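Architecture and fold: a report
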Amino acid sequence: VDILGIEFPPQTDGISAQAEYLRVYATLIVVSFVATAIRSEWAVTGGGRATRNVFATMLSSVLRAPMSYFETVPMGRILNRFTYDTD
């Protein structure tokens, strides 16, 4: 059997021929595991960074808001926006 230019003996040739297939299979499993771990770390790190940026932007906007904003918007609504972002 010839796959991607690599010659594999038929599996009927014995244990040594089957070991070649197992080695390729194990390599694919290890590469898949490493790729999944890297992707998960990237997603968690990116999510945390995005949350910090959104929170900092919201806080900056609220702190720079004019006093009329606080007279018209209930304090509970402002707090609700901040607590919803941290979930």
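Please refer to the structure placed before this passage.
In what follows, the accompanying structure is described.

Conventions we followed
- Residues numbered from 1 in each chain as written.
- Predicted model: local features only at pLDDT ≥ 70, side-chain atom pairs only at ≥ 80, totals over all residues.
- Heavy atoms only, no water.
- Helix = DSSP H or I, 4+ residues; strand = E, 2+ residues; numbered from the N terminus.
- Rg over C-alpha atoms; globule rule 2.2 N^0.38 Å.
- Buried < 20%, exposed > 50% of the residue type's maximum accessible area, 1.4 Å probe, protein only.
- Areas by Shrake-Rupley, 256 points an atom, 1.4 Å probe, with all protein chains shown as cover.
- Lys, Arg positive; Asp, Glu negative; His and termini not counted.
- Charge placed at Lys NZ, Arg CZ, Asp CG, Glu CD.
- Patch = residues over 30% accessible without salt bridge, like charges linked within 9 Å, V, L, I, M, F, W, Y side chains within 5 Å.
- Salt bridge = Lys/Arg side-chain N within 4 Å of Asp/Glu carboxyl O.
- Phe/Tyr/Trp six-rings, centres within 6.5 Å; stacked < 30°, edge-to-face > 60°.

Of the regular secondary structure elements, the protein holds three helices and two strands. Starting at the N terminus and ending at the C terminus, the protein contains elements arranged as β-β-α-α-α. The C-alpha radius of gyration computed for the protein amounts to 28 Å, which surpasses the reference 12 Å derived for 87 residues by more than 25%, pointing to a less compact arrangement than a globule. Overall, the protein is about 85 × 20 × 15 Å in size when its C-alpha atoms are taken along their principal axes. Residue burial in the protein is summarised as follows: out of 87 residues, 9% are buried. With an accessible surface of roughly 7,400 Å², the protein has 66% of that area assigned to carbon and sulfur atoms. Computed over 7 positive and 8 negative side-chain charges, the inter-centroid distance for the protein is 19 Å.

Right, let's talk about a nonpolar patch on the surface for a bit. On the surface, a nonpolar cluster with roughly 420 Å² of combined accessible area is contributed by Val30, Phe33, Val34 and Ile38. Mapped onto the elements of the fold, Val34 is located in helix α1 (residues 15-63).

So, on to the pattern of salt bridges. Applying the stated criterion across every chain, the model contains one salt bridge. Between Glu20 and Arg23 there is a salt bridge, with the nearest N and O atoms lying 3.0 Å from each other. You can see Glu20 and its partner Arg23 sitting in helix α1, three residues apart, about one turn around the helix. Overall, Arg23 belongs to the partly exposed group, its relative accessible area being 48%.

Looking now at the packing of aromatic side chains. All chains considered together, the criterion is met by three aromatic pairs. With 5.4 Å between their ring centres and 80° between their planes, Tyr69 and Phe70 make a pair best called edge-to-face.

Mapped onto the elements, Gly14 comes out in the loop between β2 (6-7) and α1. Classification of Gly14 as partly exposed rests on a relative accessible area of 26%. Between the C-alpha atom of Gly14 and that of Glu71, which follows or precedes it by 57 residues, the distance is 83 Å.

Functional significance is not addressed by these values, which are geometric in nature.
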